[in-house]
Amino acid sequence: MESVSRIEKLLERYLEATTTVAEEMELRDYFTQGDVASHLQHYSAMFNYFSIAKEERSTRELPTKPRKNRFYLAWASVAAVAVLAFGIYFGSEEPSSPYDKLYAQGFTEEEIQSAQMAISLFTNNFKKGVEGASYLEEFEKNTNRFILDN
């Protein structure tokens, strides 16, 4: 009975992952023998599995020589250099004015200035709205403080 209580304590520590190697070997020896307490019988299968799995070895052979498909790697690097050179050659155009595209679409100077003024007005009003939202956040924080205190 004393050994069963010791095994129960060791098992509890084992499940919490705080046992030493010697204690784990004691548990394995207890559960792999034939005389196991009935209320601990379901742990016996787990420790028996560990004992069997410990002895298993892989029979699969691992390749030790590298493959000889280095030909594709060489062509992939050549293709990468070609794409890079193509991108540098055609991507180095002189940056044009942002208005050139608008003029090309047929917008007049007055229409562009009117659109700029409308965007400026929108951004100013948006900034005011964002500033107002920060006040609301502070108001909510203080309100919650009073509500939670009561």
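Every chain is numbered independently, its residues counted from 1 as its sequence is written. Thresholds applied to this predicted model are a pLDDT of at least 70 for local features of residues and 80 or more for the giving and counting of side-chain atom pairs; totals over whole chains, interfaces and linings are not thresholded and use all residues. Working from all heavy atoms in the structure, the side-chain values ignore hydrogens and water.

Asks: What exactly am I supposed to notice about the confidence of the model for the protein chain here?
Replies: A low pLDDT means the predicted coordinates there should not be read in detail. In this model, the protein chain carries a mean pLDDT of 78, and residues with pLDDT of at least 70 account for 83%. Per-element confidence in the protein chain is highest for helix α2 (residues 21-32), whose mean pLDDT is 86, and lowest for helix α5 (residues 98-104), whose mean pLDDT is 64. pLDDT is defined as a per-residue confidence score from the predictor, taking values between 0 and 100. Helix numbers and strand numbers start at the N terminus; a helix is a DSSP run of H or I with at least 4 residues, a strand a run of E with at least 2.

Asks: Can you help me understand the packing of α2 against helix α3 (residues 41-55) in this one?
Replies: Between two packed helices, both the angle of their axes relative to each other and the distance between the axes serve to describe the pair. Orientation is described by lines fitted to C-alpha atoms, with helices fitted over the stretch in contact, and by angles between N-to-C directions that extend from 0 to 180 degrees. Where α2 contacts α3, the two axes come as close as 9 Å, and the packing angle between them is 110°. By the angle between their directions, the pair α2 and α3 is classed as roughly perpendicular. Two secondary-structure elements touch here, α2 through L27, R28, F31 and T32 and α3 through Y43, S44, F47, N48, S51 and K54. Under the grouping applied here, Gly and all other residues not named as nonpolar or charged are polar, the nonpolar ones being Ala, Val, Leu, Ile, Met, Phe, Trp, Tyr, Cys and Pro and the charged ones Asp, Glu, Lys and Arg. Here the contact of α2 with α3 is built from residues that sort into four nonpolar, four polar and two charged. For classification purposes, angles smaller than 35 degrees are called roughly parallel, those larger than 145 roughly antiparallel, those between 65 and 115 roughly perpendicular, and all remaining angles oblique. Whether two residues are in contact is decided by their heavy atoms, any of which lying within 4.5 Å being enough.

Asks: Just checking my understanding: could you explain the nonpolar core for this structure?
Replies: Taken as a class, soluble globular proteins show a tendency for nonpolar side chains to be buried jointly. Among the nonpolar cores identified, the biggest contains eleven residues, and these are V4, I7, L10, L11, L27, Y30, F31, V36, A37, L40 and F47. Looking at this core, the elements with two or more residues in it are α1 (2-15) and α2. Of all the elements, α1 adds the most residues to this core, at four residues. Throughout this description, the term nonpolar core refers to a set of buried Ala, Val, Leu, Ile, Met, Phe, Trp, Tyr and Cys residues connected via side-chain atoms within 4.5 Å. Each residue is placed in one exposure class: buried if its accessible area under a 1.4 Å probe, protein chains only, is under 20% of its type's maximum, exposed if it is over 50%, and partly exposed if it falls in between.

Asks: What am I meant to see in the packing of aromatic side chains here?
Replies: For any pair of aromatic rings, the description rests on two quantities: the centre-to-centre distance and the angle between the ring planes. For Phe, Tyr and Trp, where Trp contributes only its six-membered ring, two rings pair if their centres lie within 6.5 Å, and the inter-plane angle classes them as stacked under 30 degrees, edge-to-face over 60, or tilted in between. Within the structure shown, the criterion is met by five aromatic pairs. Plain terms: the ring middles of Y30 and F31 are 5.2 Å apart, the flat faces sit at 80° to each other, and that makes the pair edge-to-face. Like F31, Y30 is buried.

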